[in-house]
Amino acid sequence: MAAIIETRDRTWSPVLEELTAPALDCIQTGLAILADRHYGTGAHLVLGAKIGFSVWERPGRPPTVEVPVQQRIAEADELAGLRVLDRRDGLDGPALRRFAESDGPLYVVADTFTMPWTPYRRQRHMDHSFLLNSGGGRNLVIDAYHNETQWGPSRPGIWQLSDVDFDAVIGAGVSAMVIGADGKPELDPAKVLADNAGTLAAAAPSMHAYLDTIRAGADSVEMVEAMVLDVWLLGRSRLLHSAWLQTLPGLAPSDVDAAQQQAWEWLRLAAQSYVGLRRVQRGAELPPSVLDRMAELLTADIEVAARFATEPTDIRDLVIGAVRTALRLGETVPVPTDRPLRALPNFNSFRLVDIIEQVESRLDVTLDAEDLTVETLRDIDTMADLFARAVKR
């Protein structure tokens, strides 16, 4: 039995502690660690900026929405500027160690079946990522995976193995990459959100076809197992996306809350679908409510994404511009978005009316009188939220 010791590391432990690990899939985890290591706490949330629904066909196996490793790596490049500098495939333990000693730390993708620090060892074959730092007969495995499994919990951690023990638990066929950071790309959140809405709307036929396939094979344990994993993956992707939305200024809080609630509904369905799987494994039928609820949530995905397709950041900018004009503030004077408007120079009730009318004119909306309250007109952010809701009526 290989000796594996859980430990702490001055460099990597603080990074692990700040990750939104429960929102990451097992391929994103290693990329998320690198994003925060290079750019600072929270940088990994951008990996959740894009959402969609793509079905991957596998000959002789059920369809899946599981994103392939190569696509996850491409997303990390596009969204976080994490670029593969060197890649080697088909490695075993000694070759992997030598690579890490000369060029590490490495981003590694291997089979969980051989990993003693996960509950999947000798239970399930599955691609899984971790970071490896090796040298001086000491191998640090840095793994951010967070999940509850039927074989026990998995939690982010760092494990130390000797060369002999590491070689004993790493199988053949491992892929490893040196990943560098080119600098965070300048994303246009409004475009990303509009693209998400369009992508999900266009995926509606694929959603219906996918559900039809699952319904037709709902008596197959393999089919239902794949569906349960898909629900779990969709829940995680929506949770990571909602966490990224919370970092964007100017979005209507009610919309952000709706996205977070949608993610939790997916994760509730993940638990319900697992119960359904256990029934199928015992020879019973999958409860129809599982697939009915999945259909509802896929439709809701389209609806929630559409709420963000109106570029609400522009509304916030309009409010800021109206404040500058009405209060006669120069372009160089900072306009705090979260401070009460009454704290700004030249502000009074007449100027507030000017601000409202300017934005109403630009957006071609009229605010309802009952919406004009102290709370909704307190500061720029609350006013932007108010106008964003009016635009969507």
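Here, every reference points to the structure presented above.
So, how was this worked out
- Residue numbering note: each chain is counted from 1, following its sequence as written.
- This being a predicted model, a pLDDT of at least 70 is required before a residue's local features are given, and a value of 80 or more before pairs of side-chain atoms are given or counted; all residues contribute to the totals for chains, interfaces and linings.
- Hydrogens and water molecules were not included; the side-chain quantities draw on all heavy atoms of the structure.
- By convention, a stacked pair of Phe, Tyr or Trp rings (six-membered ring in the case of Trp) has centres within 6.5 Å and planes under 30 degrees apart, an edge-to-face pair has planes over 60 apart, and any other such pair is tilted.
- Put simply, DSSP marks the helices as runs of H or I at least four residues long and the strands as runs of E at least two long, and each gets a number from the N terminus on.
- Note on exposure labels: buried denotes an accessible area under 20% of the residue type's maximum, exposed denotes more than 50%, and partly exposed covers the range between, all computed with a 1.4 Å probe on protein chains only.
- Charge over a ring is defined by NZ of Lys or CZ of Arg lying within 6 Å of the ring centre and within 35 degrees of the ring normal.
- Working definition of a nonpolar core: buried Ala, Val, Leu, Ile, Met, Phe, Trp, Tyr and Cys residues. They are joined through side-chain atoms within 4.5 Å.
- What makes two residues a contact is simply this: any of their non-hydrogen atoms within 4.5 Å.
- A pair is scored as a salt bridge if a Lys or Arg side-chain nitrogen falls within 4 Å of a carboxyl oxygen belonging to Asp or Glu.
- Strands are treated as partners if at least two bridges between them are detected by DSSP.
- All axes are obtained by fitting lines to C-alpha atoms, using only the stretch in contact for helices, and the reported angles, taken between N-to-C directions, cover 0 to 180 degrees.
- Here a helix's expected span is defined as the number of its residues, less one, multiplied by 1.5 Å.
- Here is the rule for angles: anything less than 35 degrees is roughly parallel, anything more than 145 is roughly antiparallel, 65 through 115 is roughly perpendicular, and the remaining ranges are oblique.
- Crossings are classed by handedness, with left-handed meaning an anticlockwise turn of the near helix from the far one by less than a right angle and right-handed meaning a clockwise turn.
- Following the grouping adopted for this structure description, the nonpolar residues are Ala, Val, Leu, Ile, Met, Phe, Trp, Tyr, Cys and Pro, the charged ones are Asp, Glu, Lys and Arg, and the polar ones are all others, Gly among them.

Engineer: Can you walk me through the packing of aromatic side chains in this structure?
Structural biologist: The relative placement of two aromatic rings is captured by the distance of their centres and the angle of their planes. For the structure on display, the rule yields five aromatic pairs. Centre to centre, the rings of Y120 and Y145 are 6.1 Å apart; their planes meet at 45°, and the pair counts as tilted. With a gap of 25 residues between them, Y120 in the loop between β5 (106–111) and β6 (127–135) and Y145 in the loop between β7 (138–143) and β8 (147–149) connect regions that are remote in the sequence. According to the relative accessible area criterion, Y120 is buried, its value standing at 4%. Residue classification places Y145 among the buried positions, given a relative accessible area of 2%. In this structure an aromatic cluster arises from ring pairing among Y120, Y145, W151 and W232. Positioned over the ring face of W12 is R37, at 5.9 Å from the centre of the ring.

Engineer: How should I be thinking about the nonpolar core in this particular structure?
Structural biologist: Soluble globular proteins tend to pack their nonpolar side chains together in the buried interior. One finds I33, Y107, I142, W244, L245 and F308 to be the most contacted residues of the largest nonpolar core, which totals 47 residues. Setting aside residues no more than four positions away along its own chain, I142 makes contact with W12, L16, I33, F130, L131, N133, G157 and I158. In terms of nonpolar packing, the next biggest core, distinct from the first, is built from 35 residues, M126, V224, W232 and L286 among them.

Engineer: Is there a simple way to think about the pattern of salt bridges in this case?
Structural biologist: Between side chains of opposite charge, a pair can form as their charged atoms come close. Within this structure, the stated rule accounts for 24 salt bridges. With its nearest N and O atoms 2.4 Å apart, the salt bridge here joins D379 to R378. Owing to a relative accessible area of 35%, R378 belongs among the partly exposed residues under this scheme. Beyond isolated ion pairs, a larger network of salt bridges with shared partners links R97, E101, D163 and D167.

Engineer: I would appreciate a short explanation of the sheet that holds β7 in the present structure.
Structural biologist: Strand-to-strand pairing in sheets goes through backbone hydrogen bonds, with the strands running parallel or antiparallel. With respect to topology, seven strands assemble into an open sheet ordered β1-β10-β7-β6-β5-β11-β4, the strand pairing being antiparallel. Either end of the sheet is taken by a strand with one partner, and the two such strands are β1 (5–7) and β4 (82–91). Direction aside, neighbouring strands of the sheet carry axes that sit 30° apart on average. When β5 meets strand β11 (residues 174–181), the two strands line up antiparallel, connected through three bridges. Across the sheet, the residue bridging to V108 is A176, located in β11.

Engineer: Even after reading the chapter, I still don't get helix α10 (residues 288–307), so can you show me in this structure?
Structural biologist: An α-helical turn contains 3.6 residues, so a residue and the one three or four places further along point in the same direction. With 20 residues, α10 should reach 28 Å at 1.5 Å per residue; the first-to-last C-alpha distance of 29 Å fits that figure. Listed in full, the buried residues belonging to α10 are V290, L291, M294, L297, L298, A300, D301, V304 and A305.

Engineer: Just checking my understanding: could you explain the packing of helix α8 (residues 221–245) against helix α9 (residues 253–281) for this structure?
Structural biologist: When two helices pack together, you describe them by how their axes are tilted relative to each other and by the distance separating the axes. For the pair α8 and α9, interaxial distance at closest approach is 8 Å and the crossing angle is 165°. Judged by the inter-axis angle, α8 sits roughly antiparallel to α9. Viewed along their axes, α8 and α9 form a crossing whose handedness is left-handed. In terms of residue class, the contact of α8 with α9 is made up of 20 nonpolar, five polar and three charged.

Engineer: In this structure, what is going on with unusual backbone geometry? I would like to understand it.
Structural biologist: What is expected of a backbone is that most residues other than glycine have negative phi and most peptide bonds are trans. In this model, G104 is joined to P105 through a cis peptide bond whose omega is 5°. Examined against the element boundaries, P105 turns out to sit in the loop between α4 (93–103) and β5. A positive phi angle is found at R122, which is not glycine, with a value near 60°. In this fold, R122 is placed in the loop between β5 and β6. Even without being a glycine, N346 presents a positive backbone phi close to 75°.

Engineer: Please clarify how the packing of helix α6 (residues 189–202) against α10 should be interpreted in this entry.
Structural biologist: Where α6 contacts α10, the axes come no closer than 8 Å and their chain directions differ by 155°. Relative to α10, the element α6 is oriented roughly antiparallel. At the point where α6 passes α10, the crossing takes the left-handed sense. Of the residues in α10, those in contact with L193, N196, A197, L200 and A201 of α6 are D301, I302, A305 and A306. Taken together, the residues of the contact of α6 with α10 sort by class into seven nonpolar, one polar and one charged.

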